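# Descriptive analysis of the structure
These are the residues of each chain, in order.
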Amino acid sequence: MPGSAPSPAAGDEPPSRSAASASAIVAGAVTGYHVLRIVGYSCTKEVPTGQRIDSRHFRVGGRTWFVVYHPNGSAADNADFISLFLALHGTAAEAVKAQVTISLLDQDGNPVPSYSFTTEYVNFSEKGSWGYPKFIERQALEKSEHLRDDCFTVRFDVTVMKNVHTVEEPFVVVPPSDMHRHFGDLLSCKEGADVKFRVGRKTFSAHRLVLSARSPVFKAELYGSMKESTTSSVIRIDDMKAEVFDALLTFIYTDTLPAMKEQDESAMAQHLLVAADSILALAEQHNCHGLKDACFAFLSSSSALDAVMETDGFEYLTVSCPRVLKELMSKLVPR
Ligand SMILES: *[C@@H]1O[C@H](CO)[C@@H](O)[C@H](O)[C@H]1NC(C)=O
Ligand SMILES: *[C@@H]1O[C@H](CO)[C@@H](O)[C@H](O)[C@H]1NC(C)=O
């Protein structure tokens with residue numbers, strides 16, 4: 001049965017060392033854990049029954065905690081046992097409701113299931129401490145392989161109910177990512193741009209590195225077999241409206257679409273789909289064989305082919321690249 005530790009005995013110096021201590025926020029509660037290594041267990045046994053050794057302090061859920069260790073039991077009726085408790089440091093005006101799992105760790109640092117116990121939620125401002133007066137029988141520990149080189153380890157997993165703590169979190173508030181904004185600025189100010197696209201009557205400047213990092217098609221086009229022919233000249237894109245290409249660039253740089261009227265949005269989404277669809281034509285025009293093969297592999301599933309045949313892009317393909325259509329047919333029709 002769990003219970004609270006008897007009141008402290010003064011003047012006990014902790015011989016134990018505290019190890020990792022961490023906390024994380026989860027919904028509705030704050031969890032953290034503290035790993036306590038008891039080094040020189042046989043010496044701690046000299047501490048009389050009822051007396052305690054306190055661990056270093058650690059923080060979880062905005063509260064300060066420590067472990068109370070009774071090597072020779074917390075009272076006469078558990079003198080054969082090791083008692084372990086979690087204790088709240090200081091006093092709290094409001095309720096501090098927390099739950100603790102106390103686990104003996106094996107040599108690999110994993111909890112030993114037969115010595116891993118979880119308490120109910122307890123109001124620590126009322127109880128002060130809570131845990132297990134009969135955590136493990138000293139004989140059982142001494143016979144086990146979990147005591148090695150006169151040393152054993154226990155872990156305290158603490159879950160503090162969030163609605164009960166009103167003190168500030170010991171976390172830094174990180175502002176949301178503004179990377180997309182910086183990339184958007186890069187696109188609009190054209191600084192360091194090293195490639196130009198001519199779409200309809202408009203010319204767009206962009207950055208080869210950004211485009212190829214974001215799109216394998218651009219990577220193939222700008223750094224693949226067609227690299228030479230695109231280093232100096234302006235790349236012409238014939239099959240796209242300027243505003244669609246503008247949206248495509250904005251999407252590539254910022255993961256968002258440019259601001260537009262709601263009714264224009266679905267039309268733009270369709271245009272972008274068509275733009276993506278003409279990738280196969282692009283691959284053909286620019287000798288990207290790997291990309292073309294990937295397109296063929298995709299099209300050889302009949303459902304994909306049906307869907308693609310209904311698009312404007314397919315219409316475009318039949319007009320602009322009849323050769324690729326022949327190639328496609330020869331791949332699809334079994335001989
Ligand atoms: C520890 O507990 C045992 C009973 O298990 C008792 O005989 C012994 O005197 C205690 N040791 C100390 C130092 O109090
Ligand atoms: C928790 O304990 C504190 C101190 O004894 C008390 O003031 C408070 O009402 C208790 N809260 C709950 C929810 O039990």
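What counts as what
- Residues numbered from 1 in each chain as written.
- Chains lettered and ligands numbered in written order.
- Predicted model: local features only at pLDDT ≥ 70, side-chain atom pairs only at ≥ 80, totals over all residues.
- Heavy atoms only, no water.
- Helix = DSSP H or I, 4+ residues; strand = E, 2+ residues; numbered from the N terminus.
- Buried < 20%, exposed > 50% of the residue type's maximum accessible area, 1.4 Å probe, protein only.
- Contact = heavy atoms within 4.5 Å.
- Areas by Shrake-Rupley, 256 points an atom, 1.4 Å probe, with all protein chains shown as cover.
- Near = heavy atom within 4 Å.
- Nonpolar A, V, L, I, M, F, W, Y, C, P; charged D, E, K, R; others polar.
- Core = buried A, V, L, I, M, F, W, Y, C linked by side-chain atoms within 4.5 Å.
- Polar contact = N/O pair within 3.5 Å; in protein donor to acceptor, adjacent residues only side chain to side chain.
- Pairing = 2+ DSSP bridges.
- Axes fitted to C-alpha atoms, helices over the stretch in contact; angles between N-to-C directions.
- Phe/Tyr/Trp six-rings, centres within 6.5 Å; stacked < 30°, edge-to-face > 60°.
- Lys NZ or Arg CZ within 6 Å of the ring centre and 35° of its normal.
- pLDDT = per-residue confidence, 0-100.
- Parallel < 35°, antiparallel > 145°, perpendicular 65-115°, else oblique.
- Left-handed = near helix turned anticlockwise from the far one by under 90°.
- Salt bridge = Lys/Arg side-chain N within 4 Å of Asp/Glu carboxyl O.

### Examining the overall build of the protein chain
When helices and strands are tallied, the protein chain shows 14 helices and 14 strands. Among the 335 residues that make up the protein chain, the fraction classed as buried is 40%. For the protein chain, the proportion of contacts with a sequence separation of at least 24, taken over those separated by at least 6, is 63%. For the protein chain, the accessible area works out to roughly 18,700 Å², and carbon and sulfur atoms hold 54% of it.

### Things to note about the site of ligand 2
Around ligand 2, the structure places Ala 95, Asn 123, Ser 125 and Glu 126. In isolation ligand 2 offers 360 Å² of accessible surface; the protein chains occlude 46% of this area. When grouped by side-chain class, the residues that make up the shell around ligand 2 number one nonpolar, two polar and one charged.

### Concerning the nonpolar core
Residues Trp 65, Leu 84, Phe 124, Phe 152 and Val 158 are the most contacted members of the largest nonpolar core, which totals 34 residues. Those elements that provide at least two residues to this core are β2 (29-39), β4 (58-60), β5 (63-70), β6 (81-88), β7 (97-105), β10 (129-137) and β11 (151-161). The dominant element in this core, judged by the number of residues it contributes, is β11, at five residues. The next biggest cluster of nonpolar side chains, apart from the first, holds 21 residues, and it includes Val 210, Phe 218, Ile 237 and Ile 252.

### What about the site of ligand 1?
For ligand 1, the full set of nearby residues is Glu 46, Pro 48, Thr 49, Asn 72, Ala 79, Asp 80 and Arg 138. In the environment of ligand 1, an oxygen atom lies 3.3 Å from a nitrogen or oxygen atom belonging to the backbone of Thr 49. Ala 79 places a main-chain nitrogen or oxygen 3.3 Å from an oxygen atom of ligand 1. Contact with the protein chains covers 50% of the free accessible surface of ligand 1, which is 360 Å².

### Some thoughts on the sheet that holds strand β12 (residues 195-199)
Taking strand neighbours across the sheet as the criterion, the three strands line up as β13-β12-β14 in an open arrangement whose pairing is mixed. Bordering the open sheet on either side are β13 (202-206) and β14 (235-237), each of which pairs with just one other strand. The mean angle between the axes of side-by-side strands here comes to 25°, regardless of whether they run parallel or antiparallel. Pairing between β12 and β14: three bridges, direction parallel. Residue pairing in the sheet places Phe 197 in a bridge with Ile 235 of β14. On top of the sheet, helix α8 (residues 242-254) reaches β12, β13 and β14; it is set at about 10° to β13, its chief contact.

### Concerning the packing of aromatic side chains
Applying the stated rule across the entire model yields seven aromatic pairs. Here the aromatic residues Tyr 41, Tyr 69 and Phe 152 are joined through ring pairs into a cluster of three or more. Taking NZ or CZ as reference, Arg 155 lies 3.8 Å from the ring centre of Tyr 33, over its face.

### Re the confidence of the model for the protein chain
On average, residues of the protein chain score 79 in pLDDT, and 71% of them are at 70 or above. Contacts of residues 8-19 to residues separated by more than four positions or lying in other chains number 23 contacts, the stretch itself having pLDDT below 50. When the criterion is pLDDT under 50, residues 164-169 qualifies, and its contacts beyond four places in sequence or with other chains add up to 13 contacts.

### Quick notes on the pairing of β13
Looking at chain direction, β12 and β13 are connected through five bridges and run antiparallel. Bridge pairing links Arg 198 to Thr 203 in β13. Between the end of β12 and the start of β13, which pair antiparallel, lie two residues, with Gly 200 showing a positive phi angle near 60°.

### Details of unusual backbone geometry
One non-glycine residue, Asp 149, adopts positive backbone phi at about 50°. Following the sequence through the fold, Asp 149 ends up in the loop between α3 (138-143) and β11.

### So, the side chain of Ser 83
For Ser 83, the location among the structural elements is in strand β6. Within the structure, Ser 83 has its side chain in polar contact with the backbone oxygen of Pro 133 (distance 2.7 Å). With near-sequence residues (within four places) excluded, Ser 83 lies in contact with Val 68, Tyr 69, His 70, Gly 73, Ser 74, Asn 78, Tyr 132 and Pro 133.

### Side note on the packing of helix α4 (residues 179-189) against α8
Look at α4 against α8: their axes get within 8 Å of each other, and the N-to-C directions meet at 140°. In terms of orientation, α4 lies oblique with respect to α8. Pair α4 / α8 crosses with right-handed handedness. Contact residues: α4 offers His 180, Phe 183, Gly 184, Leu 186 and Leu 187, while α8 offers Leu 249, Thr 250, Tyr 253 and Thr 254. Considered class by class, the residues forming the contact of α4 with α8 number five nonpolar, four polar and no charged.

### Quick word on the pattern of salt bridges
Two side chains carrying opposite charge are able to pair once their charged atoms lie near each other. Counted by the stated rule, this structure contains five salt bridges. Notably, a salt bridge pairs Arg 52 with Asp 54, separated by 2.9 Å at the nearest N-O pair. Exposure remark for Asp 54: the relative accessible area of 22% places this residue in the partly exposed category. Here Arg 155 makes a salt bridge to Asp 157, at a shortest N to O gap of 2.9 Å.

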